[in-house]
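The primary structure of each chain is shown beneath.
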Amino acid sequence: MKPLVSVLMPVYNSEEYLIEALDSLLGQDYENLEIIILDDGSNDSSFSIISRYKERDERIIVERRENRGIGSGRNRLLSLASGDFVFFFDSDDILLSKNLISTLVSDSEKYNAEVVAALTVPFRNKARKGKDKGVKVYSGKEFSSLMTRPFGFFCYPHSRLIKNSLFSSFFFPEDMIFEDIPVMPWVIREAERVAYDTSVIYAYRINKKGLSHSKFSSSSFYEMDAYYFNIKKAEEEKERPIAVNSSIFFLTKYYYYLFKVLLRGLSIKEYRARYKDKAKKAWHVLFYGG
C-alpha cells in the first residue's frame, strides 16, 4: 500500500484563492491522502468554502478555532497528522502538476529520500511552467545550507514532502513572524537524503496581502530576527555553511531596510540600536568564523 500523506493546510481569510487551491489539491492523482485544514479564525467565507469541500471528499478533516497565528497553526496541524509524510500546502497556492504528490512519493522510494522537494514557481495572476532539469539528490546538510543562502531554496515549509518523524523534535515558534526560517533548515538537516524534482511544479502565489510581500513597515525587520536566530544556532551546532549563508542574508536585509528607512525619511536611531550589534556579529562570522 502506498504511504499515507498528510496534507496540512492552514487557512486565514483566503476566500479569494481558496477554491482554486482546493481544486488543484483534490485533482491530484494520488489518492492516499489525509487532508487536514485548520481555519485559524477567518472572518470571511473561508470556513463556508472548506465545509462545502468537506462534504464532497471524506479525506478532508477540518478544525476551526480562534485566531492564534501561523506558527501555532502549523504546530496544531502537525499534531493532527497521522501520515507517513507531511506536505504543507498554503491556501492561496496551486499544485500546478496533477501528479505532483504521486511523483514526490515515487521519488522518495526511488532515491530513499526522507524529503522530496518540487520545483516552486512564484506567480501573481497566472501560474507558469518552470524548466525541468530532472532530479538531483542532496544530503540533508547540503540542502539545509542551500535553504539559507540568498536566492537558494529558501526556508518555506510548503512544496516539500517530508517524513513526518523529522518533525518529532521541532516546533514552529508561536511568537515570531517568519516562523519557518528558524525551523525548516534544521528539520531538513536531519534527513539523510533530499531529492529535488523539477519535473513537477508547486505554484507559489505572491500575495500582496501576505506578510512576506506587503509594503515596507517595521514588521519587515522580523525577517532579520529569524535569520539572526539561525546564525546563533548554527554556531552552537558548528554548522558553518548555515552560519555564513544566514549572515549574508541578514546583512543583505540589514542594509536594504536601512536604505528603505532613509528613503522614507524615517529615523534610523531605533533601527540601528536594535540591529547594529547583530550586524557586527554577522560580519564577524563571515570574516572570522564566529
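What you are looking at is a predicted structure, and each value in this text was computed from that prediction instead of being measured.

What counts, and where the lines are drawn
- Residues numbered from 1 in each chain as written.
- Predicted model: local features only at pLDDT ≥ 70, side-chain atom pairs only at ≥ 80, totals over all residues.
- Heavy atoms only, no water.
- Helix = DSSP H or I, 4+ residues; strand = E, 2+ residues; numbered from the N terminus.
- Contact = heavy atoms within 4.5 Å.
- pLDDT = per-residue confidence, 0-100.
- Axes fitted to C-alpha atoms, helices over the stretch in contact; angles between N-to-C directions.
- Left-handed = near helix turned anticlockwise from the far one by under 90°.
- Buried < 20%, exposed > 50% of the residue type's maximum accessible area, 1.4 Å probe, protein only.
- Patch = residues over 30% accessible without salt bridge, like charges linked within 9 Å, V, L, I, M, F, W, Y side chains within 5 Å.
- Areas by Shrake-Rupley, 256 points an atom, 1.4 Å probe, with all protein chains shown as cover.
- Salt bridge = Lys/Arg side-chain N within 4 Å of Asp/Glu carboxyl O.
- Phe/Tyr/Trp six-rings, centres within 6.5 Å; stacked < 30°, edge-to-face > 60°.
- Lys NZ or Arg CZ within 6 Å of the ring centre and 35° of its normal.

1. A look at the environment of Phe85
Okay, so step 1: If you trace the backbone, Phe85 turns up in strand E4 (residues 85-88).
Okay, so step 2: In this structure, Phe85 is in contact with Pro3, Leu4, Val5, Ser6, Ser108, Ala113, Glu114, Leu161, Ile162, Lys163 and Asn164, ignoring residues within four places of it in sequence.

2. Considerations on the confidence of the model for the chain
Okay, so step 1: Averaged over every residue, the pLDDT of the chain is 90; residues scoring 70 or more account for 92%.
Okay, so step 2: Counted against residues more than four places away or in other chains, residues 210-214, with its pLDDT under 50, gives 10 contacts.

3. So, the packing of helix H7 (residues 222-237) against helix H9 (residues 269-288)
Okay, so step 1: Where H7 contacts H9, the axes come no closer than 11 Å and their chain directions differ by 35°. Along this stretch, H7 crosses H9, giving a crossing that reads as left-handed. The residues of H9 that touch H7, namely those facing Tyr222, Met224, Asp225, Tyr228, Ile231 and Glu235, are Tyr271, Arg274, Tyr275, Lys278, Lys281, Ala282 and Val285.

4. Quick word on the environment of Asp92
Okay, so step 1: Relative to the assigned elements, Asp92 resides in the loop between E4 and strand E5 (94-95).
Okay, so step 2: The class for Asp92 is buried, based on a relative accessible area of 14%.
Okay, so step 3: Each C-alpha atom of the pair Asp92 and Pro157 lies 14 Å from the other, and the pair is 65 residues apart in sequence.

5. Regarding a nonpolar patch on the surface
Okay, so step 1: A contiguous nonpolar patch, built from Tyr255, Trp283, Phe287 and Tyr288 and spanning about 520 Å² of accessible area, is present on the exposed surface.
Okay, so step 2: It is H9 that provides the largest number of residues to the nonpolar patch, a total of three residues.
Okay, so step 3: Residue position: Tyr255 is located in helix H8 (residues 240-263).
Okay, so step 4: Overall, the relative accessible area of 40% leaves Tyr255 in the partly exposed class.

6. Observations regarding helix H3 (residues 70-80)
Okay, so step 1: Taken together, the buried positions of H3 are occupied by Gly71, Ser72, Gly73, Arg74, Asn75, Leu77 and Leu78.
Okay, so step 2: Each element contacted by the buried residues of H3 is listed here: strand E1 (5-11), strand E2 (33-40), strand E3 (60-65) and E4.

7. Overview of the packing of aromatic side chains
Okay, so step 1: Tallied over the full model, the rule gives 17 aromatic pairs.
Okay, so step 2: Arranged with centres 6.0 Å apart and planes meeting at 85°, the rings of Phe88 and Phe172 form a pair that is edge-to-face. With Phe88 in strand E4 and Phe172 in the loop between strand E8 (160-163) and helix H6 (184-189), this residue pair connects regions lying 84 residues apart in the sequence.
Okay, so step 3: With relative accessibility at 0%, the residue Phe88 sits in the buried group.
Okay, so step 4: Note on Phe172: relative accessible area 2%, which makes it buried.
Okay, so step 5: Among the aromatic side chains, those forming a connected cluster through ring pairs are Tyr228, Phe250, Tyr254, Tyr255, Tyr271 and Tyr275.
Okay, so step 6: It is Arg74 that lies over the ring of Phe172; its NZ or CZ is 6.0 Å from the centre.

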